[in-house]
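The primary structure of each chain is shown beneath.
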Amino acid sequence: MQISAIPFGTTDWSQIEATEHPGETGLAYWRTATFGDIRVRMVEYTPGYLADHWCSKGHILLCLEGELETELADGRRFTLRPGMSYQVADRAEPHRSSTAVGARLFVVD
């Protein structure tokens with residue numbers, strides 16, 4: 001990732017309108033800001049959320065609250081708790097998210 005031509009700025013996430021994204025079960029709420037080619041999101045998953053797709057997009061993801069289960073297409077599973085993160089490259093390893101208790105995430109992609 002190359003970060004260039006973005007002046008210093010601050011983001012008040014409470015001022016960005018959330019968009020709703022239904023999962024196979026549960027809902028995801030995204031607050032999204034774009035800086036050049038970089039998308040940054042504050043994401044909240046409701047309890048019982050299960051993604052409705054396998055994602056091949058690269059991300060850097062930080063768990064802020066709750067607990068996130070990430071399943072890779074090869075069957076491996078990883079659990080993130082507050083303060084934990086993961087990173088994956090574009091088209092590297094398809095993955096999908098779920099949460100029994102809900103989660104709040106900061107995502108850069």
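Residues numbered from 1 in each chain as written. Predicted model: local features only at pLDDT ≥ 70, side-chain atom pairs only at ≥ 80, totals over all residues. Heavy atoms only, no water.

Let's shift gears to the packing of aromatic side chains. Under the definition given, this model contains 2 aromatic pairs. Ring geometry for tryptophan 13 against phenylalanine 106: centres 6.0 Å apart, planes inclined by 85°, an arrangement best described as edge-to-face. Of this pair, tryptophan 13 sits in the segment before strand S1 (19–22) while phenylalanine 106 sits in strand S10 (residues 103–108), placing them 93 residues apart in sequence. Assessed through its relative accessible area of 27%, phenylalanine 106 is described here as partly exposed. Considering the side-chain rings of tyrosine 45 and tyrosine 49, the 4.1 Å spacing of their centres and the 10° angle between planes classify their relative orientation as stacked. Note on accessibility: tyrosine 45 and tyrosine 49 belong to one class, buried. Positioned above the aromatic ring of tryptophan 30, the side-chain terminus of arginine 41 is 4.3 Å from the ring centre. (Phe/Tyr/Trp six-rings, centres within 6.5 Å; stacked < 30°, edge-to-face > 60°. Helix = DSSP H or I, 4+ residues; strand = E, 2+ residues; numbered from the N terminus. Buried < 20%, exposed > 50% of the residue type's maximum accessible area, 1.4 Å probe, protein only. Lys NZ or Arg CZ within 6 Å of the ring centre and 35° of its normal.)

All right, on to the sheet that holds strand S2 (residues 27–35) then. Two orientations exist for strands paired in a sheet by backbone hydrogen bonds: parallel and antiparallel. With respect to topology, 6 strands assemble into an open sheet ordered S1-S2-S3-S10-S5-S8, the strand pairing being antiparallel. The sheet terminates laterally at S1 and strand S8 (85–88), the two strands that pair on one side only. Taken pair by pair, the neighbouring strands of this sheet meet at an average axis angle of 25°, ignoring direction. For strand S5 (residues 59–66) and S8, the ladder comprises 4 bridges, and the chain directions are antiparallel. Pairing of leucine 61 across the sheet is with tyrosine 86, part of S8. (Pairing = 2+ DSSP bridges. Axes fitted to C-alpha atoms, helices over the stretch in contact; angles between N-to-C directions.)

The next thing to look at is the pattern of salt bridges. Between side chains of opposite charge, a pair can form as their charged atoms come close. Under the counting rule described, the total for this entry stands at 10 salt bridges. In this structure, the salt-bridge partner of aspartate 109 is arginine 41, at a minimum N-O distance of 2.7 Å. One end of the pair, aspartate 109, is in the segment after S10; the other, arginine 41, is in strand S3 (residues 38–45), and 68 residues separate them in sequence. Judged by relative accessible area, arginine 41 falls into the buried class, the value being 6%. Notably, a salt bridge pairs arginine 104 with glutamate 65, separated by 2.9 Å at the nearest N-O pair. Taken together, the residues span a long stretch of sequence, with arginine 104 in strand S10 and glutamate 65 in strand S5 at a distance of 39 residues. Overlapping salt bridges bring together Glu69, Glu71, Arg77 and Arg96 as one network. (Salt bridge = Lys/Arg side-chain N within 4 Å of Asp/Glu carboxyl O.)

Bear in mind that shape data such as this cannot, by itself, settle questions of function.
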